[in-house]
Amino acid sequence: MQKQNKSLSKGLCVLKEIMSSNKPLTANILCQKLQIDKSTMSRLITTLMTEEFIEYKDNTKEIVLSDIVRKIIHKDDRQKIVEKTKALLDEIFYLTDECAYIGILDNNSVLYLNQVDKSKRVLKTIDSVGLHAPLHTNAFGKVILAFCKEANIENVELKKFTTNTITSITKLKKEIEAVSQKGYAIGIEEHEFGLCSVAVPYFNKRGQFVGPVGISGLSVRMDEVKLHELGQKIFKLVNSSFV
């Protein structure tokens, strides 16, 4: 029984180390951090994977939490973000008359947590709640790259979606630097033709980055000049509000 308890304790230590890490870990790194020999670590990792607590990232030997565990951990936090930003999204919608969103970083992409569109237009943007978008193709992703410490621009796969998609790492870095200076980002038909976006960073009362908030809409209603104007307006609005 004592041996089983020790094994359980070591397994929980491994799981906690993976949960607290901001990046994937390998078995070797875990051995070094926790001072556990390789054979024992191998057994612990195998057990945690069998029980679906952890998994390998893609086709690598990098270890991350399983989708099931991530969903359990993040469900409450994400719901709190949604609840606490409902009023702000309402304000952004009424300020811009465009569909307002709150997003977060998830699996190296933008995850849209909530959206508000109270317009009576027949042609509206689709329900994007729960959907992901590549970081380099929209204003929300650019804000994440500029202000989220966990985001790594070097890990972005610069896949081309339209003729406007940024596919140069040099150009992307230059734009992210500009976003950091201006405090807002714009996206012009970079993911889909006909759609553009504006987003700003949203911080909580402790000054921690929560995620990007902003709008997305048809490019026929918003040219580049209008997008910059809206970016400045949303920036002022959001900076007068807190989670």
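See the structure shown above.
Report on the accompanying structure.

1. Focus: the packing of helix α5 (residues 139–147) against helix α6 (residues 169–182)
- Here α5 crosses α6 at 80°, and the two axes come no closer than 9 Å. With respect to α6, the element α5 is oriented roughly perpendicular. Together, Lys142, Val143, Leu145, Ala146 and Phe147 of α5 and Leu172, Glu175, Ile176, Val179 and Ser180 of α6 make up the contact between the two elements.
- Split into classes, the residues belonging to the contact of α5 with α6 amount to seven nonpolar, one polar and two charged.

2. Observations regarding the sheet that holds strand β7 (residues 195–203)
- One open sheet accounts for six strands, arranged β5-β4-β3-β8-β7-β6; its pairing is antiparallel. Because the sheet does not close on itself, it has two edges, and the strands there are β5 (132–134) and β6 (185–188). Each strand of the sheet is rotated relative to its neighbour by a mean of 30°, with strand direction disregarded.
- One ladder, built from four bridges, connects β6 with β7; its direction is antiparallel. Looking at the pairing, Ile188 lines up with Cys196 of β7.
- Sheet strands touched by α5: β3 (99–106), β4 (109–116), β6, β7 and β8 (209–218). Its angle to β7, the strand with the most contacts, is close to 30°.

Calculation criteria
Residues numbered from 1 in each chain as written. Predicted model: local features only at pLDDT ≥ 70, side-chain atom pairs only at ≥ 80, totals over all residues. Heavy atoms only, no water. Axes fitted to C-alpha atoms, helices over the stretch in contact; angles between N-to-C directions. Helix = DSSP H or I, 4+ residues; strand = E, 2+ residues; numbered from the N terminus. Parallel < 35°, antiparallel > 145°, perpendicular 65-115°, else oblique. Contact = heavy atoms within 4.5 Å. Nonpolar A, V, L, I, M, F, W, Y, C, P; charged D, E, K, R; others polar. Pairing = 2+ DSSP bridges.

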